[in-house]
Amino acid sequence: RTQALLNTPFDYQEYARFDSATTARLVSGGSKLFEAILGSGFGRWMIKPLLPSPGEGPSEKTMNDGFFELTLIGHADDGSHKRGILKGKGDPGNRITVKCICESAFVLALAGESTPGSGGILTPVSGLGDALIPRMTAAGITFALV
């Protein structure tokens, strides 16, 4: 979305990395099996009792002890490439998401009329610019080009 707003050509592919081919095959097969089960009403009925009830979720310890690390690799038409690493401490599905939303809201609330983007539906980069980076770093979420 950011690239479209900036009128920059962009292709995207996503991969998962595993330590062994066996692990990759097990995850791939398990995912396909789980998808097939959830694809049927009977399968959803069978699995529903095993899932958390509304309001249930990970424990405080799980949310605090979690982490993520995302490696982004970009290749340009001229053959150059860049690698970026985005990482943070805390459960990605909870702590990190909450930090990202709150820090984005602070940037908007404190920017007043100087918000970089203007109007419409914007991505964090096109709407908040560089103002978000120091807030995310202070919240324990870092991005580095290596």
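Before reading on, note that the structure itself is shown above.
Definitions and cut-offs
- Residues numbered from 1 in each chain as written.
- Predicted model: local features only at pLDDT ≥ 70, side-chain atom pairs only at ≥ 80, totals over all residues.
- Heavy atoms only, no water.
- Helix = DSSP H or I, 4+ residues; strand = E, 2+ residues; numbered from the N terminus.
- Expected span 1.5 Å × (residues − 1).
- Buried < 20%, exposed > 50% of the residue type's maximum accessible area, 1.4 Å probe, protein only.
- Arc of directions from axis to C-beta.
- Contact = heavy atoms within 4.5 Å.
- Lys, Arg positive; Asp, Glu negative; His and termini not counted.
- Salt bridge = Lys/Arg side-chain N within 4 Å of Asp/Glu carboxyl O.
- Polar contact = N/O pair within 3.5 Å; in protein donor to acceptor, adjacent residues only side chain to side chain.
- Pairing = 2+ DSSP bridges.

Here's the deal with helix α5 (residues 92–111)
Spanning 20 residues, α5 covers 27 Å between terminal C-alpha atoms, matching the ideal 28 Å at 1.5 Å per step. Buried within α5 are the following residues: I96, E103, S104, V107 and A111. All buried residues of α5 lie within an arc of 100° about the axis, which places them on one face of the element. Looking at α5, the residues exposed on the side facing more than 90 degrees away from the buried face are G93, I101 and A109. Looking at the packing, one finds that the buried side of α5 touches β1 (67–75), β2 (81–89), α6 (124–128), α7 (132–138) and β3 (141–145).

A short note on the environment of S28
As for its placement among the helices and strands, S28 is situated in helix α2 (residues 21–38). Note: C-alpha distance between S28 and I141 (113 residues apart in sequence) is 29 Å.

Quick look at the side chain of D91
With respect to the helices and strands, D91 occurs in the loop between β2 and α5. In this structure D91 is buried but unpaired, with R95 as the nearest side chain of opposite charge at 7.7 Å. There is a polar contact of 3.0 Å between the side chain of D91 and the backbone nitrogen of N94. Once you skip the residues sitting within four places of it in the chain, D91 turns out to touch P58, T62, M63, G66 and I96.

Here we look at the pairing of β1
Where β1 meets β2, nine bridges bridge the pair, whose relative direction is antiparallel. Paired with L72 across the two strands is G84, which belongs to β2. Once β1 ends, the chain turns through five residues before running back antiparallel as β2, passing G79 with a positive phi of about 95°.

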